[in-house]
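# Report on the structure
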Amino acid sequence: GVIDALRTPTMAERIGVTTINNATGNLKFPRVSVKASGTEETEVSADAASGLELDEVTLSPTRVAANSKYSKQLILQGGAQVDAMIARELSAGINETIDKAVFAKIAASAGTIVDKADAALTAADVFNMQKAVLDAGGDLSRCVYVAGPTGMVHLKGASAIDSVRALVNDNRLDGYETFFTPQLVDADTGGAGLGTLAFGDFGLGMVLAFFGGIDLLVDPYSNAGTAQIALHVNKFYDTDVRQANAIAYTKDF
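This section reports on the structure supplied with the text. All values derive from a computational prediction rather than experimental measurement.

Looking now at the overall build of the protein. The helix and strand inventory of the protein stands at six helices and 14 strands. The C-alpha radius of gyration of the protein comes to 23 Å, more than 25% above the 18 Å expected for a compact globule of 253 residues. Along the first, second and third principal axes, the C-alpha atoms of the protein reach 85 × 50 × 30 Å. Residues classed as buried in the protein amount to 36% of the 253 residues present. Counted over contacts in the protein with a minimum sequence separation of 6, partners at least 24 positions apart contribute 79%. Summed over all atoms, the accessible surface of the protein reaches about 13400 Å², with 53% contributed by carbon and sulfur.

This next bit is on the nonpolar core. Counting 34 residues, the largest nonpolar core has Ile15, Val17, Ile106, Phe202 and Leu208 as its most contacted members. Secondary structure elements with two or more residues in this core: strand S4 (62–71), helix H2 (80–109), strand S6 (144–147), strand S11 (206–210), strand S13 (228–241) and strand S14 (247–251). Ranked by residues supplied to this core, first place goes to H2 with 10 residues. Setting aside residues up to four positions removed in sequence, Ile106 forms contacts with Ala198, Phe202, Met206 and Ile247. The next biggest cluster of nonpolar side chains, apart from the first, holds 19 residues, and it includes Tyr145, Val168, Leu173 and Tyr176.

Our focus in this paragraph is the pattern of salt bridges. Under the definition given, this model contains seven salt bridges. With its nearest N and O atoms 2.9 Å apart, the salt bridge here joins Arg31 to Asp55. Note that Arg31 is positioned in strand S2 (residues 27–34) and Asp55 in strand S3 (residues 53–59), a separation of 24 residues in sequence. Overall, Asp55 belongs to the partly exposed group, its relative accessible area being 32%.

Turning our attention to the sheet that holds strand S9 (residues 176–180). In sheet architecture, strand pairing relies on hydrogen bonds along the backbone and comes in two forms, parallel and antiparallel. Judged by pairing direction, the sheet is mixed, and its seven strands sit side by side in the order S5-S14-S10-S6-S9-S8-S7 without closing on themselves. Of all strands in the sheet, those with a lone pairing partner are strand S5 (112–115) and strand S7 (168–169), marking the two edges. When S6 meets S9, the two strands line up parallel, connected through three bridges. Its bridge partner lying in S9, Tyr145 is registered against Thr178. On top of the sheet, H2 reaches S5, S6, strand S10 (196–200) and S14; it is set at about 85° to S5, its chief contact.

Moving on, we get to helix H3 (residues 123–135). Here H3 is 13 residues long and its end C-alpha atoms lie 18 Å apart, about the 18 Å a rise of 1.5 Å per residue gives. Considered for burial, the residues of H3 that qualify are Ala123, Asp125, Val126, Met129, Gln130, Ala132 and Val133. With its phi angle positive at about 100°, Gly137 sits one or two positions after the end of H3.

Positionally, Lys235 belongs in strand S13. No salt bridge is formed by the buried Lys235; the nearest opposite charge belongs to Glu13, separated by 6.4 Å. At a separation of 3.2 Å, a polar atom in the side chain of Lys235 contacts the side chain of Asn95. Aside from chain neighbours lying at most four places away, what touches Lys235 is Thr62, Arg63, Val64, Ile94, Asn95, Ile98, Phe210 and Gly213.

Further remarks concern the packing of aromatic side chains. This model, assessed by the stated rule, comprises three aromatic pairs. Each ring, one from Tyr145 and one from Tyr176, has its centre 5.9 Å from the other, and the planes form 80°; the classification is edge-to-face. On the criterion of sequence distance, the pair formed by Tyr145 in strand S6 and Tyr176 in strand S9 is long-range, its members being 31 residues apart. Each member of the pair Tyr145 and Tyr176 is classed as buried. An angle of 40° between the planes, with centres 4.4 Å apart, marks the rings of Tyr145 and Phe199 as tilted. Within this pair, whereas Tyr145 is found in strand S6, its partner Phe199 is found in strand S10, the two being separated by 54 residues in sequence. You'll find Tyr145 and Phe199 in the same group, each marked buried. An aromatic cluster is built from Tyr145, Tyr176 and Phe199, whose rings are joined through pairwise contacts. If you follow Lys235 out to its NZ or CZ, it ends over the ring of Phe210, 4.5 Å from the centre.

Let us look at the environment of Phe103. In this fold, Phe103 is placed in helix H2. A residue is classified by how much of its surface remains accessible, and Phe103, at 2% relative accessible area, is buried. For the pair formed by Phe103 and Ala12, sequence separation is 91 residues and the distance between their alpha carbons is 7.9 Å.

Here is what the cut-offs are and how they apply
Starting afresh in each chain, residues are numbered from 1 along the sequence in its written order. For this predicted model, a pLDDT threshold of at least 70 governs which residues receive local features, and a threshold of 80 or more governs which side-chain atom pairs are given and counted, while totals over whole chains, interfaces and linings are taken from all residues. The basis for every side-chain value is the complete set of heavy atoms in the structure, and neither hydrogens nor water enter the calculation. Starting at the N terminus, helices and strands are each numbered in turn, a helix being any DSSP run of H or I of at least four residues and a strand any DSSP run of E of at least two. Computation of the radius of gyration draws on C-alpha atoms alone. For the globule rule, the value is 2.2 Å times the number of residues to the power 0.38. Working definition: with a 1.4 Å probe on protein chains only, accessible area under 20% of the residue-type maximum means buried, over 50% means exposed, and in between means partly exposed. For this analysis, residues touch if any pair of their heavy atoms sits within 4.5 Å. For every accessible area listed, the method is Shrake-Rupley and the probe measures 1.4 Å; residues are considered covered only by the protein chains on display. Within this scheme, the nonpolar core is defined by two criteria: the residues are buried Ala, Val, Leu, Ile, Met, Phe, Trp, Tyr or Cys, and they are joined through side-chain atoms within 4.5 Å. Within this document, salt bridges are pairs made up of a side-chain nitrogen of Lys or Arg and a carboxyl oxygen of Asp or Glu, the two lying within 4 Å of each other. Note: two strands are recorded as paired if DSSP finds a minimum of 2 bridges between them. Interaxial angles span 0 to 180 degrees and are taken between N-to-C directions of axes, which are lines fitted to C-alpha atoms, for helices over the stretch in contact. One fewer than the residue count of a helix, multiplied by 1.5 Å, yields its expected span. Counted charges follow a simple rule, with Lys and Arg positive, Asp and Glu negative, and His plus the chain ends left uncounted. What qualifies as a polar contact is a pair of N or O atoms within 3.5 Å, subject to a donor-acceptor requirement within protein and to the restriction that residues adjacent in sequence count only when both atoms come from side chains. Between the rings of Phe, Tyr and Trp (Trp by its six-membered ring), a pair exists once the centres lie within 6.5 Å; its type follows the angle of the planes, with under 30 degrees stacked, over 60 edge-to-face, and the other angles tilted. Charge-over-ring contacts are defined here by two conditions on Lys NZ or Arg CZ: a distance within 6 Å of the ring centre and an angle within 35 degrees of the ring normal.

Pasting the structure below:
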């Protein structure tokens, strides 16, 4: 049989990012950028402005593409499963690229971003991430944690962060469901601390749209002179922040 590469599952949808499938055009979502508030008044006093402000989130198709060539001899030796394996690998590569874009947006646009500047993560940091989402009006019962590879080592390492280890049981951080992904990576590569940790209601915080399905084209003609077959894959997507304050992010620990 054909041996596939190592790939982690698509994470954006697993953590609950709001996903729209088969979108057909640019999408615009009205958004409350400043929440409304009320004031107590006397029986006949004038009411006050609520302070409500609106803006919008716009999603436009972005193409992610890949191609691969393989020889006709490989098909003769490996059979149809070679076609399927290459298609799976190209699709997985596209999904990985989209995951990276989602988590890069989370890291750049979270409502609360804390840079530990190579200092160790503490229990207080974990609690403060929950506090930030709660202060903004988030629903903690819908929240999860997501950590990058280095963050996972620091959170679970007995000697790395003793004060936080007691909070991690059965891959749940302080009782919250916790996911680990290589796509949540600290862009600050200059220091020793590359730990990353995001917390929030990602369904409320992020939106991901797919414009149509995956487009797969097998081209046996263009490279016929070299006895090769080309396989082209395209996928259109966009992602953006719905409510930044639904997410807290801590990096560089």
